[in-house]
Amino acid sequence: MTDEPLPDLGVRPATSTSGYARGSSLPSHIGDPIVKIEGLHKYFGSNHVLRGLDLEVRQREAVMIIGRSGSGKTTLLRCINFLEEPSAGTIEVDGVRLEADPLHSRSRAFQERVRQIRLRAGMLFQEFNLFPHMSVLGNCIEAPTRVLGLPQDKAVERAEYYLEVVGLGEKRDEYPSRLSGGQKQRVAIARALCMEPKVLLFDEPTSALDPELIGEVLRVMEDLAHAGTTMIVVTHEMHFAREAADRVVFMESGVVIEQGPPEQVLDNPKHAETTHFLRRFLDQ
Amino acid sequence: MSYASGGGAHAQSQGMVDHSIVGQITAAQNAARLRFRLTFVAVWIAIIVGIGVALAAANAWDWEFALESGPVIVLQGAGITVLISVASIVGATILAILGALGRISTNPILYAIASFYVSLIRGTPLIAQIYIIYFALPQLDIVIPAIPAGILALSLNYGAYMTEIFRAGIQAVPRGQREAAGALGMRQAHIMRRIVLPQAVRIVTPAIGNEFIAMLKDSALLSTISVHETLFLAQRLGRSSFEPITALLIAAIVYWILTIVFSIFQERLEKRMARSDR
Ligand SMILES: Nc1ncnc2c1ncn2[C@@H]1O[C@H](COP(=O)(O)OP(=O)(O)OP(=O)(O)O)[C@@H](O)[C@H]1O
Ligand SMILES: [Mg+2]
């Protein structure tokens, strides 16, 4: 359908097996670390939201972040691609390494490195943030043509491919205002995929959706996860986390408290805070 | 309306809808609406006829002059008025976008220039700005013909007021739009040009329409620097044929009709934008 090499959405064998979370055995499809977060701190004024957080995510790994409201999940995700400026710490995405430097972050060189990270980390928002003045196709080809410099026809082919992946091929000429919330979020996913990032960051992608529309978005995400897309997902959908996650990360007060395979963290948590959170969560 | 829906709900609660009642209410509402419109038109005609009779009684209106010079004022004068206003609203929009970008800039120099521009222009009378551009600049060996000078003055003046409109419009574009664009790797200039400004323009379009209608009338000030627009022609023709009142009345009617026409046009445009609702 296209001579551009499309990203491998199929499962490939792992290239390394060393050092997966706490020495537990590494699932065979998981690859080398591609996102590294080291000593991440974030202050909002005097509010110390992220407190020296470390996290590594490997190729083709689906990591789900859970934790109570205000624990800093959104802030963490936004710090990864510098939508929020980290106060200290280092972010590395696909070999692009950037140490937080709030005093000099306005410089051209710094902003260019931020952009290099953003090109490698696609972001999905709670409120979708589609561009309302552009058609679905326009949304999907704007950045590929004008940022990556892809020729128009290649970008359109690519967009059609990914719209098909999210099941919205026939909506390419619609405007966002005529789509349901679930369709909007799926277009947003296609738009992010069109940049062929190394990792997708999802911040509660279904929390703004009517209950009956949540499933269609989670299904797309689950397909992507099973096809080997690297993703970091902040979610409150525990069932989804159990199904789609390679690893669940529990955050509390700006640090990672506990992480591991979903059945371990969700069913046999080792830490009291995790147990407490899960119990409160299930009570709701 | 509320009566109709109340009646419907009542009928439905009994498990049926009395269609004849609904039909009667709709018919009654339509009749009331028609009566309102007819009364509206009648009152306007009555007032206009009243004014006409009063003018005729006072011998203020001269048909001979009106038929002879009226067409010149309407065709030539109104043409120039519309031309100048269109050119000036385009100029003002460009200045307003630049001004707004300056006003939201984190660069202190750009911010200072834009703020100075807005402050100076909003702090001085339009008529003074027109005189300065047309009469004072030639002292500095900058000579600008009347029409370009007038367009420049109106553009500068309206651009300053519209700067604040555009600034508000840009800030009304949700922050998530910039963030999503930034997350796709777009640079600041690209985000502004392709994502924020197109949405801001939609937001401020009704306000630009209002500014344009105000400008149609303010362009009459250019008669003072001999721009051959509506009021200037009316005054000149009125003076030379000793019918100044008739001439002024014709000019007033021309402005009035122009504003009505563009108001209708603007209303249509707004409705269409609301319908497409992007
Ligand atoms: N832009 C901001 N300015 C100031 N404080 C902020 C800002 N964003 C977040 N915070 C604060 O940082 C803390 C963590 O917020 P964050 O949104 O990261 O939590 P979260 O884990 O995503 O919560 P939720 O589950 O409710 O989305 C909160 O105390 C919040 O008030
Ligand atoms: Mg959040």
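Note that the structure is a prediction, hence the values are computed from the model and not measured.

Caption draft 1: The arrangement of the overall build of chain B in detail. Helix and strand counts for chain B come out as 10 helices and zero strands. Shown N-terminal to C-terminal, the secondary structure of chain B runs as helices and strands in the order α-α-α-α-α-α-α-α-α-α. Computed over C-alpha atoms, the radius of gyration of chain B comes to 26 Å, more than 25% over the 19 Å expected from 2.2 N^0.38 for 278 residues, which places it beyond the range of a compact globule. In chain B, the share of contacts with a sequence separation of at least 24, taken over all contacts with a separation of at least 6, comes to 77%. Accessible area of chain B: about 16100 Å², with a carbon and sulfur share of 68%. Across chain B, 20 positive and 14 negative side-chain charges occur, with their mean positions spaced 14 Å apart.

Caption draft 2: Structural context of the pairing of strand 4 (residues 88–93) of chain A. All names here are of chain A. Among the six residues that make up strand 4, five are buried, leaving the element largely enclosed by the rest of the structure. The pairing of strand 1 (residues 33–44) with strand 4 spans five bridges and is antiparallel. When the sheet's bridge partners are listed, Glu 38 is paired in strand 4 with Thr 90. Sheet analysis places strand 4 next to strand 5 (residues 96–99), joined by four bridges and oriented antiparallel. Its bridge partner lying in strand 5, Ile 91 is registered against Leu 98. Count of turn residues in the strand 4/strand 5 antiparallel hairpin: two residues, of which Asp 94 carries a positive phi of about 50 degrees.

Caption draft 3: Quick look at the site of ligand 1. Residues and elements named next belong to chain A. Around ligand 1 lies a shell of 13 residues, among which Ser 69, Gly 70, Lys 73, Thr 74 and Thr 75 are the nearest. One of the side-chain N or O atoms of Lys 73 is found 2.7 Å from an oxygen atom in ligand 1. In this structure, an oxygen atom belonging to ligand 1 sits 3.3 Å away from a side-chain N or O atom of Glu 204. Protein coverage of the free-state accessible area of ligand 1, which is 630 Å², stands at 61%. Split into classes, the residues belonging to the shell around ligand 1 amount to two nonpolar, eight polar and three charged.

Caption draft 4: The interface of chain B and chain A, seen in detail. Facing 23 residues of chain B, the contacting portion of chain A comprises 26 residues. Taking both partners together, chain B and chain A bury about 2100 Å²; carbon and sulfur atoms supply 56% of that area. For the pair chain B and chain A, the interface holds three salt bridges. A salt bridge links Arg 78 of chain A to Glu 179 of chain B, with the shortest nitrogen-to-oxygen separation between them at 2.7 Å. The interface formed by chain B and chain A holds eight residue pairs in polar contact (both at pLDDT 80 or more) in total. Among the secondary structure elements, those contributing two or more residues to the side of chain B that touches chain A are helix 7 (175–183) and helix 8 (188–218) of chain B.

Caption draft 5: Fine view of the environment of Gln 126 of chain A. Residues and elements named next belong to chain A. Residue placement: Gln 126 occurs in the loop between strand 6 (121–124) and helix 3 (136–146). Between the C-alpha atom of Gln 126 and that of Glu 204, which follows or precedes it by 78 residues, the distance is 5.6 Å. Among residues more than four places away in sequence, those in contact with Gln 126 are Gln 185, Asp 203, Glu 204, Ser 207 and Ala 208.

Caption draft 6: Structural detail: the confidence of the model for chain A. A residue-level look at chain A finds 90% of positions with pLDDT of 70 or above and a mean pLDDT of 89. Between residues 1–23 of chain A, whose pLDDT stays under 50, and residues either more than four places distant or in other chains, the model counts 54 contacts.

Caption draft 7: Geometry of the nonpolar core. All names here are of chain A. With 93 residues, the main nonpolar core has Ile 37, Leu 55, Ile 65, Leu 76, Ile 80 and Ile 232 as its most contacted residues. With sequence-adjacent residues up to four places away left out, Ile 232 is seen in contact with Val 35, Val 57, Val 63, Ile 65, Leu 77, Ile 80, Val 199, Leu 200, Leu 201 and Phe 202. Counting residues in hydrophobic clusters, the runner-up holds 52 residues, among them Ile 141, Tyr 162, Ile 214 and Phe 240.

Caption draft 8: Summary view of the pairing of strand 1 of chain A. All names here are of chain A. Pairing of strand 1 with strand 2 (residues 47–58) involves nine bridges; the strand directions are antiparallel. Counted as the bridge partner of Val 35 is Val 57 from strand 2. The hairpin turn running from strand 1 into strand 2, its antiparallel successor, is two residues long, and Gly 45 in that turn takes a positive phi close to 60 degrees.

Caption draft 9: A look at the pattern of salt bridges. Applying the stated criterion across every chain, the model contains 21 salt bridges over all chains. We note a salt bridge from Glu 112 of chain A to Arg 187 of chain B, for which the minimum N-O separation is 3.3 Å. Taken as a pair, Glu 112 of chain A in helix 2 (residues 108–120) and Arg 187 of chain B in the loop between helix 7 and helix 8 lie in two separate chains rather than in one. With its nearest N and O atoms 3.1 Å apart, the salt bridge here joins Glu 164 of chain B to Arg 103 of chain B. Pair noted here: Glu 164 of chain B is in helix 6 (residues 146–172) and Arg 103 of chain B is in helix 3 (residues 63–103), with a separation of 61 residues, a long-range link. A network of salt bridges, in which partner residues are shared, links Lys 36, Glu 38, Glu 92 and Arg 97 of chain A.

Caption draft 10: Structural view of helix 6 (residues 211–226) of chain A. All names here are of chain A. Here helix 6 is 16 residues long and its end C-alpha atoms lie 23 Å apart, about the 22 Å a rise of 1.5 Å per residue gives. Among the residues of helix 6, Leu 213, Ile 214, Glu 216, Val 217, Leu 218, Val 220, Met 221, Leu 224 and Ala 225 are the ones counted as buried. Looking at the buried positions of helix 6, the neighbouring elements they touch are strand 3 (62–67), helix 4 (152–165), helix 5 (181–193), strand 7 (199–203), strand 8 (231–234) and helix 7 (238–244). In the stretch just after helix 6, Gly 228 is the one whose phi turns positive, near 95 degrees.

Caption draft 11: Representation of helix 7 of chain B. Counting buried residues in helix 7 of chain B gives seven out of nine residues, a clear majority hidden from the surface. Taken together, the buried positions of helix 7 of chain B are occupied by Gly 176, Gln 177, Glu 179, Ala 180, Ala 181, Gly 182 and Ala 183 of chain B.

Caption draft 12: Structural view of the sheet that holds strand 9 (residues 247–252) of chain A. Residues and elements named next belong to chain A. Strand order in the open sheet formed by six strands is 6-7-8-3-9-10, with mixed pairing between adjacent strands. Looking along the sheet, the strands with just one partner apiece sit at the ends: strand 6 and strand 10 (255–260). The mean angle between the axes of side-by-side strands here comes to 20 degrees, regardless of whether they run parallel or antiparallel. Looking at chain direction, strand 9 and strand 10 are connected through five bridges and run antiparallel. If you follow Val 249 over to strand 10, its bridge partner there is Gln 259. Strand contacts of helix 6: strand 3, strand 7 and strand 8, with the helix running at about 145 degrees to strand 8, the strand carrying the most contacts.

Definitions and limits used
Residues numbered from 1 in each chain as written. Chains lettered and ligands numbered in written order. Predicted model: local features only at pLDDT ≥ 70, side-chain atom pairs only at ≥ 80, totals over all residues. Heavy atoms only, no water. Helix = DSSP H or I, 4+ residues; strand = E, 2+ residues; numbered from the N terminus. Rg over C-alpha atoms; globule rule 2.2 N^0.38 Å. Contact = heavy atoms within 4.5 Å. Areas by Shrake-Rupley, 256 points an atom, 1.4 Å probe, with all protein chains shown as cover. Lys, Arg positive; Asp, Glu negative; His and termini not counted. Charge placed at Lys NZ, Arg CZ, Asp CG, Glu CD. Buried < 20%, exposed > 50% of the residue type's maximum accessible area, 1.4 Å probe, protein only. Pairing = 2+ DSSP bridges. Near = heavy atom within 4 Å. Polar contact = N/O pair within 3.5 Å; in protein donor to acceptor, adjacent residues only side chain to side chain. Nonpolar A, V, L, I, M, F, W, Y, C, P; charged D, E, K, R; others polar. Buried area = accessible area lost by both parts, 1.4 Å probe. Salt bridge = Lys/Arg side-chain N within 4 Å of Asp/Glu carboxyl O. pLDDT = per-residue confidence, 0-100. Core = buried A, V, L, I, M, F, W, Y, C linked by side-chain atoms within 4.5 Å. Expected span 1.5 Å × (residues − 1). Axes fitted to C-alpha atoms, helices over the stretch in contact; angles between N-to-C directions.

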